[in-house]
Amino acid sequence: MAISRRSFLKGVATTSAASVIGPSLLASASASAAESTGTWKVSGSHWGAFRAHIYAGKVQEIKPLELDKNPTEMLNGIKGIIYSPSRVRYPMVRLDWLKKHKYSADTRGDNRFIRVTWDEALDLFYRELERVQKDYGPWALHAGQTGWNQTGAFNNCTAHMQRAVGMHGNFITKVGDYSTGAGQTILPYVLGSTEVYAQGTSWSEILENADNIVLWANDPVKNLQVGWNCETHESFDYLAQLKEKVAKGEINVLSVDPVKNKTQRYLENDHLYINPMTDVAFMLAVAHVLYNEDLYDKKFIETYCLGFDEFIQYVQGETKDKVVKTPEWAAEICGVKADKIREFARMLVSGRTQILMGWCIQRQEHGEQPYWAAAVIAAMVGQIGLPGGGISYGHHYSSIGVPSTGFAGPGGFPRNLDQGMKPKWDNNDFNGYSRTIPVARWIDCLLEPGKEIRYNGGKSNC
């Protein structure tokens, strides 16, 4: 359909008038009626999509979007988040810093803040960026903190902050995250990828093919309420199917956990108590049983694995501490009886077994070891790559395991500047300091500037 320039401009003018004048003069009668009763808006969160009833400029009610068949009660907390008295609603500046325009150690912990306008806050922020880049350089500016952000690619506050600061100059950023820091560091060396955020085996394959499922430090019923983007809660339909299969005796599910979690109570599956942070001792004893009872998959080990000889020498007590990692040795550490350890090891190879690891056991000192040892156990069982078998490190989060449509979602805006654009301060000299800081070590860097930090097999100065 042809359209003249004049007609186009008239249409633009009408649209602009509607946006300026507002609904009071141009809106229909039905829209005006909505003003008196409020309106419903659709939005999304880490806890799922929802409808919000807006009246008198405030959220009056929250209810789940109808398409979500398994909504979480966590949505009930959204109003509290919006109107929490602890929420910072305006730019605030520490009074003593504002008066002196510089940091002073004698005011540390003095939290007298005053409100300033957005223009004032932006001017203060820009002034400090100028000062740091001019007097020191990018090594003195840390703009890389992590955060759970908001849902979606656009509403990513960390990325927005880094784009803005990046237009001004270079800065130190972080590497890793708190959620899976140890796992995402060790697993690329063990399995070839970070695994913790990978799609993993689909629930349909597991339900159809698995004979045994081990929920190791894993509570999907609790954790699948939450997702990285806007959670859809489709995983709960598969958990309902799993519950039926457990009740019929078609799939054996075992929770290895210090507590009886929500999943164990929901599925009514067996529970194996283990002392907190002793999983590696338990795993070494399991490996001892699989090896000495000749239950492990030799062909899989020979075909796909490296380093098994060195590992099994340690298990057999031939190297390092010279301690044989028997079930009796492990029982005193992990609290699982020796006969139970043997029973567990034999169960792993009694049929198709899927091991589903949670993230909590890698959030500790030497947290890489239980993830590494679990991969070794899965390799000894020899079912990695088979339908309903192997090991996964993410089925408790963000609907991992729900079959993908294959369609690509919209990508995020790039964090870096477009090619050809240079920041105002193009100083790339980090004065011998590291350009990145492990996310859990930035406080060390503040307390001990110049301290050597070891990370991922390397060393750097913070």
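Details of the structure are given in the entry above.
Residues numbered from 1 in each chain as written. Predicted model: local features only at pLDDT ≥ 70, side-chain atom pairs only at ≥ 80, totals over all residues. Heavy atoms only, no water.

S.K.: I would appreciate a short explanation of the sheet that holds strand β8 (residues 252-256) in the present structure.
M.R.: Pairing between sheet strands relies on hydrogen bonds along the backbone, with the strands arranged either parallel or antiparallel. On the basis of which strands lie adjacent, the open sheet formed by five strands has the order β9-β8-β7-β10-β11 and parallel pairing. Either end of the sheet is taken by a strand with one partner, and the two such strands are β9 (270-272) and β11 (390-392). Strand-to-strand, the axes of this sheet are offset by a mean angle of 20°, without reference to chain direction. Sheet topology places strand β7 (residues 212-216) next to β8; five bridges connect them, and they run parallel. Residue pairing in the sheet places Asn-212 in a bridge with Asn-252 of β8. (Pairing = 2+ DSSP bridges. Helix = DSSP H or I, 4+ residues; strand = E, 2+ residues; numbered from the N terminus. Axes fitted to C-alpha atoms, helices over the stretch in contact; angles between N-to-C directions.)

S.K.: Explain a nonpolar patch on the surface here, please?
M.R.: Nonpolar side chains collect at one region of the surface, where Val-88, Tyr-90, Met-92 and Phe-113 lie side by side and expose about 400 Å² of accessible area between them. If you trace the backbone, Val-88 turns up in the loop between α4 (78-82) and β4 (92-94). (Patch = residues over 30% accessible without salt bridge, like charges linked within 9 Å, V, L, I, M, F, W, Y side chains within 5 Å. Areas by Shrake-Rupley, 256 points an atom, 1.4 Å probe, with all protein chains shown as cover. Salt bridge = Lys/Arg side-chain N within 4 Å of Asp/Glu carboxyl O.)

S.K.: Which parts of the structure should I look at to understand the sheet that holds strand β2 (residues 48-55)?
M.R.: Taken in spatial order, the three strands make up an open sheet running β1-β2-β3, and their pairing is antiparallel. The strands lining the two open edges of the sheet, one partner per strand, are β1 (39-45) and β3 (58-64). In this sheet, adjacent strand axes meet at a mean angle of 30° when their direction is disregarded. Pairing of β2 with β3, which is carried by six bridges, proceeds in the antiparallel orientation. In the sheet register, Ile-54 faces β3, and the bridge partner there is Val-59.

S.K.: For this particular structure, what's the right way to read helix α16 (residues 327-334)?
M.R.: Two residues of an α-helix separated by three or four positions point the same way, owing to the 3.6 residues in each turn. If you check which residues of α16 are buried, you get Pro-327, Ala-330 and Cys-334. Buried residues in α16, looked at end-on, bunch into an arc of 65°, giving them a common side. Summarising the contacts, the buried residues of α16 are in contact with α13 (279-292) and α17 (338-348). Remark: Gly-335 follows α16 within two positions and exhibits a positive phi of approximately 85°. (Buried < 20%, exposed > 50% of the residue type's maximum accessible area, 1.4 Å probe, protein only. Arc of directions from axis to C-beta. Contact = heavy atoms within 4.5 Å.)

S.K.: Looking at this structure, how should I read the environment of Phe-344?
M.R.: Along the chain, Phe-344 turns up in helix α17. Phe-344 sits in the buried class, given a relative accessible area of 3%. Setting aside its immediate chain neighbours within four residues, Phe-344 contacts Val-214, Trp-216, Leu-254, Val-256, Leu-272, Phe-282 and Val-286.

S.K.: I would appreciate a short explanation of the nonpolar core in the present structure.
M.R.: Side chains of a nonpolar character, in soluble globular proteins, are inclined to be buried together. Among the nonpolar cores identified, the biggest contains 58 residues, and Trp-216, Phe-282, Phe-344 and Met-357 are the most heavily contacted of them. It is helix α18 (residues 368-381) that contributes the most residues to this core, ten residues altogether. Core analysis: the next-biggest nonpolar cluster, separate from the first, contains 18 residues, Ala-210, Leu-215, Tyr-238 and Val-246 among them. (Core = buried A, V, L, I, M, F, W, Y, C linked by side-chain atoms within 4.5 Å.)

S.K.: I keep staring at the pairing of β2 and nothing clicks. Help me out?
M.R.: Strand residues, when the strand is regular, have side chains that alternate between the two faces of the sheet. Pairing of β1 with β2 involves seven bridges; the strand directions are antiparallel. Bridging across to β2, Trp-40 finds its partner in His-53. Linking β1 to β2, which pair antiparallel, is a turn of two residues. Joining the antiparallel neighbours β2 and β3 is a turn of two residues, in which Ala-56 adopts a positive phi near 55°.

S.K.: Any chance you could explain the packing of aromatic side chains here in plain terms?
M.R.: The relative placement of two aromatic rings is captured by the distance of their centres and the angle of their planes. Considering all chains together, one arrives at 13 aromatic pairs under this definition. With a centroid separation of 5.1 Å and 25° between ring planes, the pair formed by Trp-139 and Tyr-433 is classed as stacked. With Trp-139 in the loop between α6 (118-135) and α7 (157-168) and Tyr-433 in the loop between β11 and β12 (436-438), this residue pair connects regions lying 294 residues apart in the sequence. The class for Tyr-433 is partly exposed, based on a relative accessible area of 28%. Every member of this aromatic cluster is reached through a ring pair, and the members are Tyr-291, Tyr-296, Phe-308 and Phe-311. In this structure, Lys-243 is placed above the aromatic ring of Tyr-266, and the distance from its NZ or CZ to the ring centre is 4.9 Å. (Phe/Tyr/Trp six-rings, centres within 6.5 Å; stacked < 30°, edge-to-face > 60°. Lys NZ or Arg CZ within 6 Å of the ring centre and 35° of its normal.)

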